[in-house]
Amino acid sequence: NAGVTQTPKFQVLKTGQSMTLQCAQDMNHNSMYWYRQDPGMGLRLIYYSASEGTTDKGEVPNGYNVSRLNKREFSLRLESAAPSQTSVYFCASVRGNTDTQYFGPGTRLTVL
Amino acid sequence: RKEVEQDPGPFNVPEGATVAFNCTYSNSASQSFFWYRQDCRKEPKLLMSVYSSGNEDGRFTAQLNRASQYISLLIRDSKLSDSATYLCVVTLLNSGGYQKVTFGTGTKLQVIP
């Protein structure tokens, strides 16, 4: 039981490049989330998926798109990366919407 | 006013000391409260939930004061391994039926030998 996994762990992009961050969970959780964490800002919600087939915007969705491919996988795409998107990205899953959030190990992204 | 506010610290305490953190929240309709722990360059992990009646888990005690809209975390007999950032988390059911989860920016604890 791997829990929540994320790939890649580290990534450096040039401004304007695109990439997809992958997240998968093997706990049969319905809800999945993408956060970014910046110094002094705390964790901020980018997008979430309450269940397979649904996605909704969070607090800071601009510049991102998501896909809930199936119950296990929830990907985050940066179409045209900007330096302001330099951050640590965490994926999380939750069994019900009031239960514990289980986080992946994070992806450290630098946009030059 | 921020939805969830914490003193960023750092709190530097000697081993064996007792340390307490507070966290305030702005929305009185907030429903669930948690403390998460985050080690340097790692993901957050649940430390404990916070109930109105207060709850204890070993050296850790969490309390909720709804009237004053704050939660607290007390760590007794601090260990070196307690050094981490402690995140306050508050949830609120919004008008869309979604449980909005808000994280505080965290309080950094450094336990000194």
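See above for the structure.
A short tour of the structure in this document, coming up. (Residues numbered from 1 in each chain as written. Chains lettered and ligands numbered in written order. Predicted model: local features only at pLDDT ≥ 70, side-chain atom pairs only at ≥ 80, totals over all residues. Heavy atoms only, no water.)

## Things to note about the nonpolar core
Note the cut-off: Only buried residues count toward a nonpolar core. Its members are Ala, Val, Leu, Ile, Met, Phe, Trp, Tyr and Cys residues joined through side-chain atoms within 4.5 Å. Any residue under 20% of the maximum accessible area for its type is buried, any over 50% is exposed, and the rest in between are partly exposed; the area is computed with a 1.4 Å probe on protein chains only. Helix and strand definitions follow DSSP, with helices as H or I runs of at least four residues and strands as E runs of at least two, each counted in order from the N terminus. Contact criterion: two residues are considered in contact whenever any of their non-hydrogen atoms come within 4.5 Å of each other.
Formed by 23 residues in total, the largest nonpolar core has its most connected members in Phe21, Trp35, Ile71, Leu73, Ile75, Tyr86 and Leu109 of chain B. For this core, the secondary-structure elements that each account for two or more residues are strand E3 (19-25), strand E4 (32-38), strand E5 (44-50), strand E7 (60-65), strand E8 (70-75), strand E9 (84-93) and strand E11 (107-112) of chain B. In this view, Leu109 of chain B contacts Phe11, Val13, Val19, Phe21, Ile75, Asp82, Ser83, Ala84 and Tyr86 of chain B; residues no more than four positions away in its chain are not counted. Grouped together as the second largest cluster of nonpolar side chains are 20 residues, Val4, Cys23, Ile46 and Leu109 of chain A included.

## A word on the interface of chain B and chain A
Note: interface size is frequently given as the accessible area lost on complex formation between the parts. The cut-off we apply is this: Once two parts are brought into contact, the accessible area they lose, counted with a 1.4 Å probe and summed over both, makes up the buried area. Any Lys or Arg side-chain nitrogen found within 4 Å of a carboxyl oxygen on Asp or Glu counts as a salt bridge. We define a polar contact as two N or O atoms separated by no more than 3.5 Å, with the added condition that, inside protein, one atom must be a possible hydrogen donor and the other a possible acceptor, whereas residues neighbouring each other in sequence contribute only through side-chain atom pairs.
Tallying the contact residues gives 17 residues for chain B and 19 residues for chain A. Where chain B abuts chain A, roughly 1,500 Å² becomes buried across the two surfaces, and 56% of that area is made up of carbon and sulfur atoms. Here chain B and chain A share zero salt bridges between them. Where chain B touches chain A, the interface holds three residue pairs in polar contact (both at pLDDT 80 or more). Of all the secondary structure elements, the ones that give two or more residues to the side of chain B that touches chain A are E4, E5 and strand E10 (99-103) of chain B.

## A short note on the pattern of salt bridges
Residue and element names in this part refer to chain A. One pass over the full model with this rule turns up eight salt bridges over all chains. The salt bridge partner of Asp38 is Arg36, with a shortest N-O separation of 2.9 Å. Note that Asp38 is salt-bridged to Arg44, the shortest N-O span being 2.8 Å. Each member of the pair, Asp38 as well as Arg44, is classed as buried.

## Describing the state of the cysteines
Basically, it comes down to this: Working definition: a disulfide is two cysteine sulfur atoms within 2.5 Å of each other.
In total, this model carries two disulfides over all chains according to the counting rule given. Sulfur-sulfur distance for the disulfide between Cys23 of chain A and Cys91 of chain A comes to 1.8 Å. Disulfide Cys23 of chain A-Cys91 of chain A: torsion about the S-S bond near -70°, hence left-handed. Remark: Cys91 of chain A occurs in strand E9 (residues 87-94) and Cys23 of chain A occurs in strand E3 (residues 19-25); sequence separation between them is 68 residues. Across the pair, Cys91 of chain A and Cys23 of chain A agree in class, each one buried. Each disulfide pairs two cysteine sulfurs, and for Cys23 of chain B the partner residue is Cys88 of chain B, the sulfurs being separated by 1.9 Å. Here the S-S torsion is close to -70°, and the disulfide linking Cys23 of chain B with Cys88 of chain B is therefore left-handed. With a gap of 65 residues between them, Cys23 of chain B in strand E3 and Cys88 of chain B in strand E9 connect regions that are remote in the sequence. The two residues Cys23 of chain B and Cys88 of chain B agree in class, both being buried.

## Side note on the environment of Val101 of chain B
Within the secondary structure, Val101 of chain B is located in strand E10. Given a relative accessible area of 13%, Val101 of chain B falls into the buried group. Here the alpha-carbon distance between Val101 of chain B and Met48 of chain B, two residues 53 residues apart in the chain, equals 15 Å. Setting aside chain neighbours within four positions, we find Val101 of chain B in contact with Tyr35 and Gln101 of chain A together with Val89, Val90 and Thr91 of chain B.

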